Amino acid sequence: YYDEAGKRHRVALGIKASKENYKLAVLELKKIEYELSAGVYLEKQKRDKANKNMKDAYAEFIKTKNKLSEKTVKDYEWVYEKFTKHTGNISVKKVTREIVDKWEEQLKIDEVSDNGIASYYKKLRVIFNHYKASGWIKDNPIPKKEMIFKEPVVIPRKDLEDILDKLRLKKNRKHYKVIVMLLLTGMRISELIRLTFDDIDFRENILIIRNTKGRRDDKFPLYYELRNFILEEFPDRTGKLFDYKSKESMKFFKLFLIKEGYGNYNFHNLRKTFISKLINSGMSVYDVMTLARHKSLQTTLRHYTSAELSRMGKEISDRANLGTMEKSELKKVVF
């Protein structure tokens, strides 16, 4: 604490209370008092406020969030680090909507979903709202983005069998292996292209999936069908399973689907189909969450509810026999 112009002011150093840190606080106070007496402290504060850089601004922001959980703080740090890799350590007032839009373009190239981007923006808006309240920027350059929850689109069995039959041909064999691996594991494209044979433990029957979205490594069971597929289709088991650098280099599937009249499907539908098949097999929601490697149970429940409603609808038709009343067919009522 220090007094200036008859007012009491407080400076948060963001360090824990200890004897050693108390000495640092005393030194900082003496420095402030000296600068006040020399008439340079307020001018220095104004200059710092006008040119606060991204790194220093965030350090001051996070000091105000000491009641947040460690996990939440890490989420803030991870998103902010991704953003500052794009912007560099520039002055916060130089962050414009144009810079933010270019970052979003890169995120889409890196196959971050619309909801993923909305999640990033939500955290960044909190950070930049603090910058605005601190007087470092005039307006918040981070736009609002609402999360949009869509019904999971799965590929019907008939369509899937037709697609696999055509890809199974010798000329499409490389592409066939990609699609089957995605169907058998539910992996995201970013995870698939990082997969190496070093990630596969044939002795323990475990597959390590490098989950870049959740920033962690997940263990996945190398079950019988998956193990046999890998052993049969990959005689040379060294290095990466698939020689692709990014999703952009895997346009073959989109072109194939359009050519065969299935242009409404995409790679991610294979993951949705995998999850749906797990749910309809009777697995618990917790088992599905583990195998789908969802960070939140709510994400799994959205898939689970959709698939279960479809199954229950079929059960009504097959078992409840509501289509008849006292052996008479229900008449369609027109409103």
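**A look at the overall build of the chain**
The number of helices and strands found in the chain is 14 helices and 7 strands. Within the chain, the fraction of its 335 residues that count as buried is 36%. In the chain, the share of contacts with a sequence separation of at least 24, taken over all contacts with a separation of at least 6, comes to 59%.

**Considerations on the packing of helix α5 (residues 97-109) against helix α6 (residues 114-133)**
Between α5 and α6, whose axes approach to 10 Å, the crossing angle comes to 145°. The two elements α5 and α6 meet at a crossing, and its hand is right-handed. On the side of α5, the interface is formed by Val100, Trp103, Glu104, Leu107 and Lys108, while α6 contributes Asp114, Ile117, Tyr120, Tyr121 and Leu124. Of the residues assigned to the contact of α5 with α6, the class counts are 7 nonpolar, no polar and 3 charged.

**Topic: α6**
Here α6 is 20 residues long and its end C-alpha atoms lie 28 Å apart, about the 28 Å a rise of 1.5 Å per residue gives. Looking only at α6, the buried set comprises Gly116, Ile117, Ala118, Tyr120, Tyr121, Leu124, Arg125, Ile127, Phe128, His130 and Tyr131. The secondary structure elements touched by the buried residues of α6 are α3 (54-63), α4 (70-87) and α5. Phi turns positive, to about 85°, at Gly135, one or two residues after α6.

**Concerning the sheet that holds strand β3 (residues 200-201)**
Spatially, 3 strands are ordered β3-β4-β5 in an open sheet, and the strand pairing comes out antiparallel. The open sheet terminates on both sides in strands that have one partner only, identified here as β3 and β5 (216-221).

**Some details on the nonpolar core**
Counting 47 residues, the largest nonpolar core has Val178, Ile179, Met181, Phe253 and Phe267 as its most contacted members. Where this core is concerned, the elements lending two or more residues are α7 (157-167), α8 (173-185), α9 (189-192), β4 (206-211), α10 (224-233), α11 (252-259), α12 (267-280) and α13 (285-292). For Ile179, the contacting residues outside a window of four places in its chain are Leu164, Leu167, Phe252, Phe253, Phe267 and Leu270. Within the second largest apolar cluster, 25 residues are counted, among which are Tyr80, Val92, Ile127 and Phe128.

**Considering the pattern of salt bridges**
Oppositely charged side chains can pair when the atoms bearing their charge come close. Enumeration according to the criterion identifies 17 salt bridges in this entry. In this structure, Glu70 engages Lys74 in a salt bridge whose closest nitrogen and oxygen atoms are separated by 3.5 Å. Taken together, the residues span about one helical turn, with Glu70 and Lys74 both in helix α4 at a distance of 4 residues. Take Lys74: its relative accessible area is 48%, and that puts it in the partly exposed class. For Arg293, the salt bridge identified is with Asp218, shortest N-O distance 3.9 Å. Residue Arg293 is located in the loop between α13 and α14 (297-320), and its partner Asp218 is located in strand β5; the two are separated by 75 residues in the primary sequence.

**Focus on α8**
Over its 13 residues, α8 extends 18 Å from the first C-alpha to the last, a length consistent with the 18 Å expected when each residue adds 1.5 Å. With 10 of 13 residues buried, α8 is to be regarded as a mostly interior element. Tyr176, Lys177, Val178, Ile179, Val180, Met181, Leu182, Leu183, Leu184 and Thr185 are the residues of α8 that are buried. Positive backbone phi, at 70°, marks Gly186, one or two positions downstream of α8.

**Describing the packing of aromatic side chains**
Per the counting criterion, the structure on display carries 20 aromatic pairs. With a centroid separation of 6.1 Å and 85° between ring planes, the pair formed by Phe83 and Phe128 is classed as edge-to-face. Here Phe83, found in helix α4, pairs with Phe128, found in helix α6; they are 45 residues apart in sequence, far enough to count as distant. One Lys or Arg, Lys177, reaches over the ring of Phe234 and ends 4.7 Å from the middle of that ring.

**Examining the packing of α4 against α6**
Geometrically, a packed helix pair is captured by the angle between its two axes and the distance between the axes. Two elements in contact, α4 and α6, have axes separated by 10 Å at closest approach and are oriented at 90°. The angle between α4 and α6 falls in the class roughly perpendicular. Counting all contacts with α4, which are made through Asp75, Tyr76, Trp78, Val79, Tyr80, Lys82 and Phe83, the residues of α6 involved are Tyr120, Lys123, Leu124, Val126, Ile127, Phe128 and Tyr131. Residue composition of the contact of α4 with α6, by class: 11 nonpolar, no polar and 3 charged.

The rules we used
- Residues numbered from 1 in each chain as written.
- Predicted model: local features only at pLDDT ≥ 70, side-chain atom pairs only at ≥ 80, totals over all residues.
- Heavy atoms only, no water.
- Helix = DSSP H or I, 4+ residues; strand = E, 2+ residues; numbered from the N terminus.
- Buried < 20%, exposed > 50% of the residue type's maximum accessible area, 1.4 Å probe, protein only.
- Contact = heavy atoms within 4.5 Å.
- Axes fitted to C-alpha atoms, helices over the stretch in contact; angles between N-to-C directions.
- Left-handed = near helix turned anticlockwise from the far one by under 90°.
- Nonpolar A, V, L, I, M, F, W, Y, C, P; charged D, E, K, R; others polar.
- Expected span 1.5 Å × (residues − 1).
- Pairing = 2+ DSSP bridges.
- Core = buried A, V, L, I, M, F, W, Y, C linked by side-chain atoms within 4.5 Å.
- Salt bridge = Lys/Arg side-chain N within 4 Å of Asp/Glu carboxyl O.
- Phe/Tyr/Trp six-rings, centres within 6.5 Å; stacked < 30°, edge-to-face > 60°.
- Lys NZ or Arg CZ within 6 Å of the ring centre and 35° of its normal.
- Parallel < 35°, antiparallel > 145°, perpendicular 65-115°, else oblique.

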